[in-house]
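Examining the three-dimensional arrangement
Listed below, chain by chain, are the residues.
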Amino acid sequence: MNRTDTDFDATPETGAARQAGSVLLLKLGGTLGVPLVALAAAFGAGALFIAAIGQDPGAVYARLLGGTFGDFYGFGQVLFKATPLIFSGLAVALAFKAGLFNIGAEGQLYVGAFSTAWVGFTLTGLPGVVLVPLCILAGALGGAAWGIIPGYLKARFGTHEVINTIMLNFIAIALTGYLVTHVYFIPETIHTPRVAAQAQIPRLEQFWPAFRGSPVNVSLFLALAAAALVYVFLWRTKQGFELRALGLNPWAAEYGGVGVASGIVMAMALSGGLAGLVGVDFVMGYKYYYEQGFSAGVGFMGIAVALLGRNHPLGVVLAALLFGALSYGGLVINSVVPKELVEILQAIVIVAVIVGTNLFGALAVSLKKRSLK
Amino acid sequence: MEGVSKRFALVKANDSVNLEVERGEIHALVGENGAGKSTLMRILYGLYRPDSGHVSIDGKRVEIKSPSDAISLGVGMVHQHFMLIPQLSVAENVVLGSEPSRSGVFLDLAAASRRIEELSRLFALSVDPRPQVDKLSVGAQQRVEILKILFRGAELLILDEPTAVLTPQETEALFVILRKMREQGKTILFITHKLSEVMAISDRVTVMRRGGVVGVVATRDTSPAELAMMMVGRKVLFDVEKGPAAPGGAVLELVDVRALGASRVPRLKGLSLSVRAGEILGVAGVEGNGQTELVEVIAGLRKPTSGRVLLRGEDVTGASPKQMLERGVAHIPEDRLRRGLIADFTVGENLILGSHFRRPYAGRVFLDSAALLTNADRALREFDVRPRTPLLRAGSLSGGNQQKLVVARELGRNPLLLVAAQPTRGVDIGAIEFIRRCLVSQRDEGTAVLLVSADLSEVLSLSDRIAVIFGGRIVSTVDAAATDEKELGLLMTGAGRPTA
Ligand SMILES: Nc1ncnc2c1ncn2[C@@H]1O[C@H](COP(=O)(O)OP(=O)(O)OP(=O)(O)O)[C@@H](O)[C@H]1O
Ligand SMILES: [Mg+2]
């Protein structure tokens, strides 16, 4: 349209680029700012609890910090705790981006980890270069299969994924429990045979002696690579575009040629696949066997990690590190304050983020405006 | 309102606006898309806080921090997108948030119903408190919204583009109600893009442009041409110039198509029509006679239960939306926020929706963000979408600019067949003119255009042929040059011989 006066908001080309920059900056500030403020608030509240039981919050926090990020051993422990949380956090975040609430990461990771172990202790004749990728693949496929089921049920019959994933968690835990106690068991234990030596992946201490004693292993790099891949997938590929469209407005996505049913199934498959990789850490990098009940809620913690990380892969990695630190830090300060305190702290972080998203979000908006005036 | 300013991240939506509305008048607020009308009204209703300036009611300075402040000051607002809960009854919806009770505990719906009936009579609203809201037509839902505000004792009613979703008949009925309310001493602030409505209903008009007020005039001292001039700063042509059509072969043919509607009741009952290359076929009809389902069937969004859909002679019955897109069918949906846009996607992403799977926007796997930006720059410039920022959330654009975004995307496909449902809904007069010209030039390039519009004058001025839809069938097809609103109006009520 030919309009004579274009001074108001029709920007010249250079202006457009500058504006693009400032929009990005604002977005970044908003994304990182809220969790950080929430975190500060959570630790503030935690300090009250510590003081209430008669301890010095400053000293406790100093010990917490020193024990986790103060030396390589502690840091290694944090990384070790964070690794499975990255996988499960990514799983939940990816499903969430597609508008699906995957409560089933726990079940998916059991099935995935068991599959990894099964390949590892069954196909023992294969050389490492074949067996390692095969074990990883088995984990991803096992988890994916367990994700596809609720995905298909939702796509085909419209049954809600929350109910189905919860039910599938029960089935997965019972099924793997049965297999490990009745079929592939070592007498007197609740774990499977060990995977072949060539299926075991190295710990970081093997290249980096400073990490000595900490079980953090190279599956950490697989987790980081997975985060990068999820980012690329969601924001750089057309399938990712379709999944995000589906998550934000399924009506418009359908209109734009996105297959709604296939999109749901695909999102759940990918989500389950990511969860299934948790076994790479535990089975191939830590215990070298599958153990009943090994996860102890990693799949559920993934929901909190995804939430805190705002469903963004980078956010998930940072959130997983934080939860890893809190979880190991609980052991560190166990001598002075009860470990339950750390659990309270974790819960406060989650609540603070939810509240903060609303509260500080509004604050950030008004600040933004002021800075732009 | 005095000196009111409001700034969003990149845009000054209101720039020291003064607006004065007198008690007991119907005051129209007009202006281009993005001029800041909705923003100003949201400030008045307490949804946004102004950065500066203030609001006075009856000469007293007031601070409106939230809608509940506004309501207690007697200010009520009907949003363009209704805020009703479809599963509840009319009475339940009306009392929501201000429930009358017996002895402070029990909901007293009977008393509420009596009050609703009383108000309904007083303002000729014809609202029945009993039915469930989702059983009502759009016009009736809007009257429920109005009644809801009156129920809370509003003296000043804000209506943001109330007629955009109404049929001409419903608009007429609304005007009767508005006049009735004026008689009873209520004050009405009314936003519209249709100057004929301004002339018909308002006492005074405030014209906004680019965040500021450019003039206030008494309606009887002005004309549509003058208002248009004030709004866009140039003369606007209300009628599109168009030469005779040079139609080619049939592009789209529907043969005896039957389909179910949203609540699984039959909506298309043996509908047949054909659109040729290089012509605009208008579909005229009273809303709810199968238009929505017709458009969805063509776009692949709804599967017909029987009958055939042919595209250039090829049977595409039951094809998916993607297959239809790939075959060159473009579709401007009637509801831009539900179907047409992803509010939380950026403007640039929205502009490739539906083409995102093919060149130049994507290879086998990856999206090409450079192509996305190039496309956005072109489309935003060509269609004058403001602000011209590809990375902005589409949801933060003004209503009319969102519509322009959808139109820009669909016309940008170079389609074989363009299905345009309410293409000019909510856009300003300058943009209406532009979009209409685009439709005609698409036709001249050989595109087959199917135009579905509730605006009879739009159908009449753009179409080459007009198909009248009634009860899920095309009851007659007439030459646009040889008919008029009166004849169409008659045919639309089903008074005509069915033709094949
Ligand atoms: N929530 C928001 N965030 C950012 N920008 C906004 C927001 N709401 C409105 N704007 C911007 O403010 C300007 C005025 O918008 P507004 O909705 O008031 O226009 P309008 O006059 O109602 O237009 P229309 O006729 O198209 O509905 C537009 O440029 C719009 O993009
Ligand atoms: Mg508006």
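Bear in mind that the values here come from a model prediction, so they are computed numbers and not experimental data.

1. A closer look at the pairing of strand β16 (residues 306-311) of chain B
Residue and element names in this part refer to chain B.
- With five bridges connecting them, strand β13 (residues 250-260) and β16 associate as antiparallel partners. In the sheet register, E253 faces β16, and the bridge partner there is L310.
- Pairing analysis gives two bridges linking β16 to strand β17 (residues 314-315), with the strands arranged antiparallel. Each bridged residue has a counterpart across the sheet, and for L310 the counterpart in β17 is D315.

2. Let's talk about the domain arrangement of chain B
Residue and element names in this part refer to chain B.
- What the domain assignment reports for chain B is domain 1 (2-232) and domain 2 (250-492).
- Relative placement of domain 1 and domain 2: their C-alpha centres are 30 Å apart.
- Taken residue by residue, the interface counts 20 residues in domain 1 and 20 residues in domain 2.
- Taken together, the two surfaces of domain 1 and domain 2 that pack against each other cover about 1500 Å², and 58% of this comes from carbon and sulfur.
- At the boundary of domain 1 with domain 2, the tally comes to zero salt bridges.
- If you look at where domain 1 meets domain 2, you find five residue pairs in polar contact (both at pLDDT 80 or more).
- Class assignment for the residues of the side of domain 1 that touches domain 2 results in nine nonpolar, eight polar and three charged.

3. So, the sheet that holds strand β14 (residues 266-276) of chain B
- Pairing in this open sheet of four strands is antiparallel, and the strands run β14-β13-β16-β17 (chain B) from one edge to the other. A strand with exactly one partner marks an edge of an open sheet, and here the two such strands are β14 and β17 of chain B.

4. Side note on the sheet that holds strand β6 (residues 75-78) of chain B
All names here are of chain B.
- Taking strand neighbours across the sheet as the criterion, the six strands line up as β6-β9-β10-β3-β11-β12 in an open arrangement whose pairing is mixed. Unpaired on one side and paired on the other, β6 and β12 (212-218) mark the two borders of the sheet. Across the sheet, the mean angle from the axis of one strand to that of its neighbour is 20°, orientation sign disregarded.
- Each of β6 and β9 (156-160) is contacted by helix α5 (residues 138-151), which is oriented at about 170° to β6, the strand it contacts most.

Conventions we followed
Residues numbered from 1 in each chain as written. Chains lettered and ligands numbered in written order. Predicted model: local features only at pLDDT ≥ 70, side-chain atom pairs only at ≥ 80, totals over all residues. Heavy atoms only, no water. Pairing = 2+ DSSP bridges. Helix = DSSP H or I, 4+ residues; strand = E, 2+ residues; numbered from the N terminus. Domains from an automatic or database assignment. Contact = heavy atoms within 4.5 Å. Buried area = accessible area lost by both parts, 1.4 Å probe. Salt bridge = Lys/Arg side-chain N within 4 Å of Asp/Glu carboxyl O. Polar contact = N/O pair within 3.5 Å; in protein donor to acceptor, adjacent residues only side chain to side chain. Nonpolar A, V, L, I, M, F, W, Y, C, P; charged D, E, K, R; others polar. Axes fitted to C-alpha atoms, helices over the stretch in contact; angles between N-to-C directions.

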